[in-house]
Structures are given as C-alpha cells and as structure tokens.
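# Reading the structure
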Amino acid sequence: MKEIQHFFIRHFITAPISIGSWLIFVLGASMNPIAATGLFIAIYFTGSFSIKQIQLSSNLKRLGMSRSEYNHIKGQISEAKLKIRKLNGLYGQVRSVQAFKQLHEMNSLSRRILNIVRTNPKKFYQVENFFYAHLDSAVELTSKYAMLVNQPLKDKDIRIALQTTRETLSDVNKQLEVDLRSALASDIEKLQMELDFVDVTLNRKKPLLEMKGDNTNERK
C-alpha cells in the first residue's frame, strides 16, 4: 500500500493550489484575510480528499479489488500491527533464553508477513489464517507464559504448564514459517518462471554464438 507516497503526492498538488487561491482572494479580490483563510482551508481539504479518492480508485483498479475488500484487509492489517506491538511488549517479561528466542522469531516472522501484505494486499488471501488465528495464538500463549513464569510459586503444575506452553509456542512458530512461505509462494513461482525464460533465451543464443565463432575461425 503506497499510502505514504500518495499522501505526499496529493499534498504536493493541493498545497500550491490552495496557497495560490488565498493570494488571489486577498491580493486580487481584496477579500478579508479571515474569509480568505476559511476558503483556503476548504479548498485544501476538499482537494486533498478528492485526490485521495482518485488515488484509491486507481489503486483498487490496479489490484482488482473492491472497496469493501480493501477496507477489510486494511482493518486486519491495523489489528495485526496492534497485536505485534503487544508481542514486542512481552520481551521484558519472559525469563528463559528459549522463550526469548521464540518470541524474537515470532515477532520477526509476523512483521515480515505483515509487510508483504501491506505491499500487496491481495496476498492477504494466501495468509488469512495468520490474521484470523495464528497471530492471536502467538499473542495469547506468550502472554499466558509471561504471566505464569513471573508467579512466585513454581510447583509441579506450573512447571508442566510452562513446558507445555513452550512446546506449543514452538508449534506456533513453525506455523508462522509456513505462513511466510505461503506469502512468498507466488513471488518464488514468478521468479522461477523468469529464470526459466532467461535460461531458454540464453540456450537459444548459445548455438548462434558458436556458429559465428566457427565462421570466424574458418575465415582466418
């Protein structure tokens, strides 16, 4: 999602138009500066909103998505960002090196998946389970693990619960790796097709180059 780029483009367009209009109102039409400022604000925000809608429509057409699909995915991305932020806040609460490593890997995998979907929203459908289930599991289990590990009691039941949670977190970590592979699957396939095309092209040119070399040697 090119939101930052679109933001600067529409304000780069709207700002000079609005400022120019304000100068015309004040200097050319001798309008009251306060009234001119009101019109300046109206022109600025109206123009910015209009360009934003045009950008959105163009982006949706390029992606082949409806507005409702786009808004749904955008909402899921926002929720996922909050969940990942919650995972980040748990670093100081886990005590073991193993748990810290698991948490770091889950954070890293989750951020990569999220960035891929932000860049190409259509990939959301390749990793729906990440947004609907797997990221939630990572957050909930890590939160419960952090709560248990910080309890003053360390009886047998708590130790068993901690061990079980660590094992389950390991499974969740593996599932996040699968999600990342799914997000990259189409890119890898496309890259392989391009590599195959280049390979075929080079193999076609190779005999021609060899023939040219033979002809050169014969002339010599």
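Everything in this summary refers to the structure shown in the same document.

Calculation criteria
Residues numbered from 1 in each chain as written. Predicted model: local features only at pLDDT ≥ 70, side-chain atom pairs only at ≥ 80, totals over all residues. Heavy atoms only, no water. Helix = DSSP H or I, 4+ residues; strand = E, 2+ residues; numbered from the N terminus. Buried < 20%, exposed > 50% of the residue type's maximum accessible area, 1.4 Å probe, protein only. Contact = heavy atoms within 4.5 Å. Areas by Shrake-Rupley, 256 points an atom, 1.4 Å probe, with all protein chains shown as cover. Patch = residues over 30% accessible without salt bridge, like charges linked within 9 Å, V, L, I, M, F, W, Y side chains within 5 Å. Salt bridge = Lys/Arg side-chain N within 4 Å of Asp/Glu carboxyl O. Phe/Tyr/Trp six-rings, centres within 6.5 Å; stacked < 30°, edge-to-face > 60°. Core = buried A, V, L, I, M, F, W, Y, C linked by side-chain atoms within 4.5 Å. Polar contact = N/O pair within 3.5 Å; in protein donor to acceptor, adjacent residues only side chain to side chain. Expected span 1.5 Å × (residues − 1). Axes fitted to C-alpha atoms, helices over the stretch in contact; angles between N-to-C directions. Parallel < 35°, antiparallel > 145°, perpendicular 65-115°, else oblique. Left-handed = near helix turned anticlockwise from the far one by under 90°. Arc of directions from axis to C-beta.

## Here's the deal with the overall build of the protein
Looking only at helices and strands, the protein has 6 helices and 0 strands in total. The order of α-helices and β-strands along the protein, N terminus first, is α-α-α-α-α-α. By residue count, 30% of the 220 residues in the protein fall in the buried class. For the protein, long-range pairs separated by at least 24 residues make up 69% of all intrachain contacts whose partners lie at least 6 apart in sequence. If you sum the accessible surface of the protein, you get close to 14500 Å²; carbon and sulfur atoms cover 61% of it.

## Quick notes on a nonpolar patch on the surface
On the surface, Ile9, Phe12, Ile13 and Ile17 cluster together into a nonpolar patch covering about 400 Å² of accessible area. Tracing the chain through its elements places isoleucine 9 in helix H1 (residues 3-28). Look at isoleucine 9 and you get partly exposed, because its relative accessible area is 36%.

## Thoughts on the packing of aromatic side chains
Each aromatic ring pair is characterised by the separation of its centres together with the angle its planes make. Tallied over the entire structure, the rule returns 7 aromatic pairs. Centre to centre, the rings of tyrosine 44 and phenylalanine 45 are 5.9 Å apart; their planes meet at 70°, and the pair counts as edge-to-face. With relative accessibility at 18%, the residue tyrosine 44 sits in the buried group. According to the relative accessible area criterion, phenylalanine 45 is exposed, its value standing at 57%.

## Examining the nonpolar core
Counting 38 residues, the largest nonpolar core has Leu87, Met106, Val117, Val127, Phe130, Phe131 and Leu135 as its most contacted members. Residue assignment for this core shows that the elements contributing at least two residues are helix H2 (33-63), helix H3 (67-88), helix H4 (97-119), helix H5 (128-149) and helix H6 (156-219). Of all the elements, H5 adds the most residues to this core, at 9 residues. Those residues in contact with valine 127, other than ones at most four positions away along the chain, are Ile113, Val117, Asp179, Ser182 and Ala183.

## Thoughts on the side chain of serine 21
Mapped onto the fold, serine 21 is located in helix H1. Within the structure, serine 21 has its side chain in polar contact with the backbone oxygen of isoleucine 17 (distance 2.8 Å).

## Section: H4
In this model, H4 (23 residues) spans 33 Å end to end at C-alpha, consistent with the 33 Å of a helix rising 1.5 Å per residue. Here H4 has its buried residues at Ala99, Gln102, Leu103, Met106, Asn107, Ser108, Leu109, Ser110, Ile113, Leu114, Ile116 and Val117.

## Some points on the packing of H4 against H5
Axis separation between H4 and H5 bottoms out at 12 Å; the angle between their running directions is 155°. Judged on the interaxial angle alone, H5 and H4 are roughly antiparallel. Our pair here, H4 against H5, has a crossing hand that is left-handed. Packed against H4, whose contacting residues are Ala99, Leu103, Met106, Ser110, Ile113, Leu114 and Val117, the element H5 presents Phe130, Phe131, Leu135, Ala138, Thr142 and Tyr145 at the interface.

## Some thoughts on the side chain of lysine 123
Along the chain, lysine 123 turns up in the loop between H4 and H5. Judged by its relative accessible area of 4%, lysine 123 is buried. In contact with lysine 123, not counting residues within four places along its chain, are Ile116, Val117, Ala183, Ser186 and Asp187.

## Comments concerning H3
Helix length check: H3, at 22 residues, gives a terminal C-alpha distance of 32 Å against a target of 32 Å (1.5 Å per residue), a fit within 8%. Inspection of H3 places Tyr70, Ile73, Gln76, Ile77, Ala80, Lys83, Ile84 and Leu87 among the buried residues, and these make up the whole buried set. Each buried residue of H3 lies within a common arc of 145° when the element is viewed along its axis, so the set occupies one face. Opposite its buried face, H3 presents the exposed residues Ser68, Leu82 and Arg85, each directed more than 90 degrees away.

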